[in-house]
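Examining the three-dimensional arrangement
Here is how the chains run, residue by residue.
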Amino acid sequence: MENYLRKNFEVEAKRPSEEALRRWRCAVSVVKNPRRRFRMVADLAKRAEAQRKRKIIQISHFFLWDDPSIWDLRPGNRVVEHNVPEDFSESGFRINPDELASVVGSHNIKRLESHGGAEGLARNLSVSLRDGVVSSDITIRQNVYGCNRHAEKPSRSFWMFVWESLHDLTLIILMVCAVVSVGVGIATEGWPKGMYDGLGIILCIVLVVMVTAISDYKQSLQFKVLDKEKKNIMIQVTRDGCRQKVSIFDLVVGDVVHLSIGDQVPADGVLISGYSLTVDESSLSGESEPVNVDEARPFLLSGTKIQDGSGKMLVTAVGMRTEWGRLMVTLSEGGEDETPLQVKLNGVATIIGKIGLAFAVMTFLVLTTRFLVSKIHRHEITKWSLDDAVNLLNYFAIAVTIIVVAVPEGLPLAVTLSLAFAMKELMNDKALVRHLSVCETMGSASCICTDKTGTLTTNHMVVNKIWISEQTKTIRSTKIEHEFRSSFSEQTFNLLLQSIFLNSGSEVVKGKDGKNTILGTPTETALLEFGLLLGGDSRIHHQESEIVKVEPFNSVKKKMSVLVSLPKRGEFRAFCKGASEIILKMCERMVNNDGKEVVLSENQRKKIADVINGFACEALRTLCLAFKDVEGNSEIPSDGYTLIAVIGIKDPVRPGVREAVKTCLAAGITVRMVVIITVNNIHHFSLNTAKAIAKECGILTEDGLAMEGPDFRNKSPREMEELIPKLQVMARSLPLDKHTLVTQLRNMFKEVVAVTGDGTNDAPALHEADIGLAMGIAGTEVAKENADVIIMDDNFTTIVNVARWGRAVYINIQKFVQFQLTVNVVALMINFVSACITGE
């Protein structure tokens, strides 16, 4: 039996091959009708057809730039017609929805220029590129240009589930038996006594059908709710002159959307402004190479991902008028892949079903043979009556009953219901499960590779210490402006504020209540909050100095740089911030207490390095701020900077994390902390910092190993085999290091690995892991797209709950299988033995 299950019913927990999926379907269809058995699994035929259609659309999209006229011939190019209200022109809109959608859809730069570019489209849409949409216009924009929702297949009614349940082959046989039983019973025993047996069978059929239909219907509704929740993305837009977060479903044509690394483009649009913006369009074109979006190619398409840089776009089409909407309307979903446990239990049910079918046939033959031998013995073989027909019907009913009892139809259903219930409970525990199989797989997890920011910590960073002009200051109160102004020269103080407010990808916005809100990454938020505490004003600094060029942060350079024009005409200054030791190497001078630039001596470099290490040993994240005055606005320099300050940022450990880690260790789950440099981790996260926090969380033990990413990636396979079992902390790692660690754990040590992540660079590891866990608050859309579970509260304790529910599912299903098989096998043997011995 074990060999049979392994050969026919072995599938991967993640991304199973189509061959394996088809193999077990062929094996199962022998015993039970496929329509019933496959009601909750992927439709491979629909999936193949959808893939074929997607390929055609991707090919046409690939050639679109060479010949824009192809757009008119593409599948799904005819947009859904919307009735334009009579007061269309009175509303202030001067461009038709179809024409507006075709500007981006056709990728025709000449057509865009004929409308006056982004500014011209904004005028036609009666919207300001600076202040965005006015909230009072949202309803009329939705009426004219449509809502940002895609057409969904209508939900199947409850009666459709009832109808599908009635197609069960066993139930059909029982229905025939019930009808015959009623007819023969009335003829032999009269009314109403002859109805009892047949009516009892009918009531059992109705009960089975209703229970099955209700459970399937409720589960379909639950999946629909989960699907809607995972598609509800929050995006940043400018409305009423304020930058704010809105749901992707509330986006309207004319909105000014802010995009950064890891975001999903929520609608079709035109680039307003941007820095080093590259987009992954593989979901539409099938091409893995990123596309540069600039003035020469300013079109952004819904469903694509921002791979690098940042920018702002004007929304020109939403919902079914977007390229992604046209793609979706031509495709049909193929359903979710079944889980390994579902497949294995289907295999068990198939084996028992075949055994039950064989026993049913043998029982019917034995009973019929005994009956015929008895008639021959009494010389009544030629005399037949209604009583004889009732006896043969009873024998047939016994055989059908054996099939019903033997085939454990409840096994696959038990798994589905258990996993669906676990999904529902995990939703209440702030964990959104995107794939059903995760609930099952997480129960087998033996290792969790967790990041730090937001998972082990609160994800609200604050500046705790600062070293500036050879002085170290601890930030203990909110009233520090006077202390800093009295301690440092005016020039030094202004340099610090400029480096904080001008060299930032985040933004300080003032809400309707008059309070300042900072939108951006946690590290930059901490810096801007510190700048506001010092009395700085982001708006004033940006008015005085215009940003000329930007080099956004990435995990390779580990720094962010900007080039700005100073208030004095013709003067330019470059600001740089990032990993402490990298910025320190780029500096040749430092700012002293008088605000003057002095040459950095080797002794001073050593002192600054000691300051950085001291901050790190106190579990502070460190980054350096530097500047350089340049001539002209040609390029951002790579060396010759002047050091301004070393910043120490603290992110407190979440309450309950130490207890949660202790629970994991007691349950046999190893916890490893992997700190990867991501867009949310601009500072250089040193090994000392990682070790300090890992000890505080209970992850790093006395016999545990902590090392840096560069050391790990230079190890040979043999060395990795020796060190990985002891490895508990890895700091300063690249995305490839995390991916390598997960791959080695899975392939070399056969562990079931769960990985947490929030950044775009975590996506490879999330995709490779058995269970990918993305952060719902701090996580980028790319990370969420590659994850299996979204942790809605970004808390490590929630991950422990996922593992707990996974094990609970396994234990409960194990108990149910034990009960089911015990009852079935005993009933099967008793029926067969009694039939052979007594003839009843």
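Residues numbered from 1 in each chain as written. Predicted model: local features only at pLDDT ≥ 70, side-chain atom pairs only at ≥ 80, totals over all residues. Heavy atoms only, no water.

Describing the packing of helix H23 (residues 602-617) against helix H25 (residues 687-697)
This is how the line gets drawn: Axis lines are fitted to C-alpha atoms, over the contacting stretch for helices. Their N-to-C directions set the angle, which ranges from 0 to 180 degrees. Numbering of helices and strands starts at the N terminus; helices are DSSP runs of H or I of at least 4 residues and strands are runs of E of at least 2. Each angle gets one of four labels, with under 35 degrees taken as roughly parallel, over 145 as roughly antiparallel, 65 to 115 as roughly perpendicular, and the rest as oblique. By definition, turning the near helix anticlockwise from the far helix through less than a right angle yields a left-handed crossing, and turning it clockwise yields a right-handed one. Here, residues are in contact when the closest pair of their heavy atoms is within 4.5 Å. Gly falls in the polar group here, along with every residue not listed as nonpolar (Ala, Val, Leu, Ile, Met, Phe, Trp, Tyr, Cys, Pro) or charged (Asp, Glu, Lys, Arg).
The interhelical angle for the contact between H23 and H25, taken along N-to-C directions, is 15°, at an axis separation of 7 Å. One element, H23, and the other, H25, form an angle in the roughly parallel class. When the axes of H23 and H25 are compared, the crossing they make is right-handed. Facing Asn613, Ala616 and Cys617 of H23, the residues of H25 in contact are Asn688, Thr689 and Ala692. Residues belonging to the contact of H23 with H25 are distributed by class as follows: 3 nonpolar, 3 polar and no charged.

Section: the packing of helix H24 (residues 657-666) against helix H31 (residues 796-838)
Relative to each other, H24 and H31 sit at 30°, their axes nearing to 9 Å. Between H24 and H31, the interaxial angle falls into the category roughly parallel. In the packing of H24 onto H31, the handedness of the crossing is left-handed. Between H24, through Val657, Ala660, Val661, Thr663 and Cys664, and H31, the contact on the second element is made entirely by Phe796, Thr797, Val800 and Arg804. Looking at the contact of H24 with H31 residue by residue, the classes come out as 6 nonpolar, 2 polar and 1 charged.

Section: the UniProt feature "transmembrane region" (unreviewed entry) in the protein
For clarity, the threshold we go by: UniProt positions are given in the numbering used here, feature names are shortened, and annotations may be inferred rather than shown by experiment.
Within the UniProt annotation, "transmembrane region" (unreviewed entry) is assigned to residues 169-188, 194-214, 351-373 and 393-422. Split by type, residues 194-214 is 90% helix and 0% strand. Its first and last C-alpha atoms lie 32 Å apart. Within residues 351-373, the helical portion is 100% and the strand portion 0%, while the C-alpha atoms at the span's ends are 33 Å from each other.

Structural notes on the nonpolar core
What counts, and what does not: Within this scheme, the nonpolar core is defined by two criteria: the residues are buried Ala, Val, Leu, Ile, Met, Phe, Trp, Tyr or Cys, and they are joined through side-chain atoms within 4.5 Å. Throughout this description, buried means an accessible area under 20% of the type-specific maximum (1.4 Å probe, protein chains only), exposed means over 50%, and partly exposed covers the range between. Per the annotation, domain bounds derive from an automatic or database assignment of domains.
Among the nonpolar cores identified, the biggest contains 48 residues, and Met442, Ile448, Met673, Ile699, Ile771 and Phe796 are the most heavily contacted of them. Mapping this core onto the domain boundaries places at least three of its residues in each of domain 3 (336-429 + 816-839) and domain 4 (431-458 + 654-794). What Met442 contacts, discounting residues up to four positions off in sequence, is Ile448, Ala754, Ile771, Ile799, Val802, Ala803 and Gly806. If you look at the next biggest cluster of nonpolar residues, it comprises 44 residues, including Val103, Val144, Tyr145 and Val257.

Topic: the environment of Asp794
With respect to the element layout, Asp794 can be found in the loop between strand E26 (789-791) and H31. Along the backbone, Asp794 and Met775 are 19 residues apart, and their C-alpha atoms lie at a distance of 5.0 Å.

A few points about the packing of aromatic side chains
For clarity, the cut-off: Any pair of Phe, Tyr and Trp rings, taking the six-membered ring for Trp, is counted once the centres come within 6.5 Å. Such a pair is stacked with planes under 30 degrees apart, edge-to-face with planes over 60 apart, and tilted for the rest.
Enumeration over the complete set of coordinates arrives at 6 aromatic pairs. For the pair Phe161 and Tyr217, a centre-to-centre distance of 5.9 Å together with 65° between the ring planes defines the contact as edge-to-face. Of this pair, Phe161 sits in helix H9 (residues 158-165) while Tyr217 is found in helix H11 (residues 196-231), placing the two residues 56 residues apart along the sequence. Looking at Phe161, the relative accessible area reads 4%, which means it is buried.

Observations regarding the pattern of salt bridges
Threshold: What makes a salt bridge here is a side-chain nitrogen of Lys or Arg within 4 Å of a carboxyl oxygen of Asp or Glu, nothing more.
In total, this model carries 22 salt bridges according to the counting rule given. Across the pair Glu588 and Arg589 runs a salt bridge whose closest N-O atoms are separated by 3.7 Å. Classification of Arg589 by relative accessible area gives partly exposed; the value is 26%. Between Glu597 and Arg589 there is a salt bridge; the shortest N-O distance is 3.2 Å. Connected through salt bridges with shared partners, the residues Glu481, Arg485 and Glu490 form a single ionic network.

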